[in-house]
Amino acid sequence: MKTGFDNEKYLRIQSEHIRERIAQFDGKLYLELGGKLFDDHHASRVLPGFRPDSKLRMLAQLRDSIEIVIVVSADDIEKNKVRSDLGITYDEDVLRLREEFMQRGFMVGSVVITHYDGQRAADQFRHRLERLGISSYIHYLIDGYPHNVELIASDEGFGKNDYVETSRELVIVTAPGPGSGKMATCLSQLYNENKRGIRAGYAKFETFPVWNLPLKHPVNIAYEAATADLNDVNMIDPFHLEAYGSMAVNYNRDIEIFPVLNALFEGIYGENPYKSPTDMGVNMVGFCISDDEVCCNASRDEIIRRYYDATNKMAEGADNEREVHKIQMLFNQAKLTTAYRRVTVAAAAKQELSGHTAAAIELDDGTIITSKSSPLLGCSAALLLNVTKHMAGIDHELRLIPQSLIEPVQKTKIEYLGARNPRLHTDEVLVALSVLSPHDDNCRRALEQLPRLRNCQVHSTVMLSEVDRKIFKKLGCGLTCDPVRKK
């Protein structure tokens with residue numbers, strides 16, 4: 001895979017910049033962590049060379065100075081809100097995040113339950129935390145938040161919240177997802193620290209949009225596509241332009257809330273240490289792009305991938321027409337069509353030629369391998385066989401899995417398990433190859449090619465099953481599908 005991002009430089013200068021920010025205050029900084037920390041696959045897709053755990057590795061350089069506070073909204077607990085990428089509720093994800101951090105040697109100080117208004121499920125979760133020996137704190141709903149500054153920055157607002165006991169100079173405030181109350185938790189701590197004579201600081205650590213790239217740079221457009229369901233809009237930061245006379249990119253929510261934050265900072269400290277929302281950030285990603293063209297191309301692929309994700313959700317019945325229209329608008333800004341994605345064109349051509357649903361994969365050398373569905377195999381399963389044979393130098397006409405082995409599996413699926421589709425899925429093909437590999441050198445060689453599929457691009461002319469999607473995800477492939485349901 002071509003790289004366009006200097007990951008080692010990022011680890012070095014990002015940690016240095018955070019240390020500098022801590023020094024600006026009384027040795028205490030609350031750092032709101034936006035986005036994903038463990039598995040930032042969006043960043044790794046649009047910035048080839050950025051590792052999905054880069055932020056975690058960077059913070060590991062500051063480990064002895066860090067304490068982590070995990071925030072979760074009482075409303076999200078009450079509603080059993082689920083992380084779509086993991087399929088677990090937010091309260092369960094709090095425990096998962098805590099365990100993940102601790103396994104990596106980080107100190108997790110406590111859990112803060114925000115937006116509390118007597119929710120029974122939140123009380124139950126707090127009791128569960130207590131039984132597990134985990135410290136927890138309550139932050140309440142504040143009438144008129146965030147605009148009623150006089151009430152918020154008072155003993156009846158932030159002063160009513162539990163003061164979160166922390167012991168280290170850098171407090172990372174993170175959460176299972178957006179809307180959890182991370183910023184309010186940070187600001188509440190600033191108010192209560194100030195009452196105790198400590199002038200603590202606040203900063204935001206969000207990767208996107210990249211403030212020192214152009215507004216319509218593909219990396220920033222890809223961020224808008226990724227947040228199309230939230231209707232985030234990238235904008236030139238007017239406060240930054242007025243203060244410094246230079247362009248900086250931020251997004252609508254941070255710009256809209258800045259006057260309120262400014263008033264809150266003035267209410268807490270008497271002055272705001274920041275002149276713009278961009279000032280509050282500590283993101284150094286834009287300084288670590290080593291090949292802009294590589295990142296631009298990867299970002300265009302990501303915009304198209306997000307489009308297919310959105311149209312697939314719509315085909316499954318989601319009410320997300322606005323999200324689809326937003327990404328279509330971004331296509332125009334980026335001067336894109338789906339034809340930019342080579343595997344999309346190849347899969348469509350294969351389907352037209354064969355008359356069957358088809359799939360295509362692009363290898364890192366630009367080679368494209370295609371497949372079609374058959375009575376025995378779905379197009380995705382056939383694609384895995386075709387591409388592994390190609391990479392292993394096995395004759396394309398050679399059948400790795402004999403029909404005599406496939407047919408009993410099909411019989412079990414239909415007659416005993418009640419399935420409608422007799423064709424083998426990708427996982428079943430891989431199991432069959434695994435069973436045959438101890439006695440068949442070709443099957444063994446084909447399986448050995450699987451790691452080489454990481455970062456390859458795949459497209460199917462039909463929406464794949466959940467099983468097939470998960471297999472391609474585990475293989476590290478970038479998958480898109482036409483919004484066409486299997487018949």
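Rules used in this analysis
Residues numbered from 1 in each chain as written. Predicted model: local features only at pLDDT ≥ 70, side-chain atom pairs only at ≥ 80, totals over all residues. Heavy atoms only, no water. Salt bridge = Lys/Arg side-chain N within 4 Å of Asp/Glu carboxyl O. Helix = DSSP H or I, 4+ residues; strand = E, 2+ residues; numbered from the N terminus. Buried < 20%, exposed > 50% of the residue type's maximum accessible area, 1.4 Å probe, protein only. Pairing = 2+ DSSP bridges. Axes fitted to C-alpha atoms, helices over the stretch in contact; angles between N-to-C directions. Contact = heavy atoms within 4.5 Å. Expected span 1.5 Å × (residues − 1). Arc of directions from axis to C-beta.

(A) How the structure looks around the pattern of salt bridges. Counted according to the given criterion, the structure contains 26 salt bridges. Across the pair lysine 204 and glutamate 206 runs a salt bridge, and its minimum N-O distance is 3.4 Å. A salt bridge links glutamate 323 to lysine 313; its shortest N-O distance comes to 3.3 Å. In this pair, glutamate 323 sits in helix α14 (residues 321-333) while lysine 313 sits in helix α13 (residues 292-315), placing the two residues 10 residues apart along the sequence. Taking the relative accessible area as the measure of exposure, glutamate 323 reaches 10% and is therefore buried. Shared partners join several salt bridges into a network, and the residues in it are Arg45, Glu302, Arg305, Arg306 and Asp309.

(B) Here's a closer look at the sheet that holds strand β13 (residues 457-460). On the basis of which strands lie adjacent, the open sheet formed by four strands has the order β12-β11-β13-β14 and mixed pairing. The open sheet is flanked by β12 (368-372) and β14 (478-481), the only strands paired with a single partner. Strand-to-strand, the axes of this sheet are offset by a mean angle of 15 degrees, without reference to chain direction. Direction of pairing for strand β11 (residues 358-362) relative to β12: antiparallel, over a ladder of five bridges. Within β12, the residue paired with alanine 358 across the bridge is lysine 372. Against the sheet, helix α16 (residues 379-392) engages β11, β12 and β13, with an angle of about 140 degrees to β12.

(C) Helix α17 (residues 403-416), seen in detail. Compared with the 20 Å implied by 1.5 Å per residue over 14 residues, the 19 Å span of α17 between its first and last C-alpha is a close match. Burial in α17 covers these residues: Ile406, Gln410 and Lys413. Each buried residue of α17 lies within a common arc of 60 degrees when the element is viewed along its axis, so the set occupies one face. When the buried face of α17 is taken as reference, the exposed residues oriented beyond 90 degrees from it are Ser404, Glu415 and Tyr416. Looking at the residues trailing α17, positive phi occurs at glycine 418, about 70 degrees.

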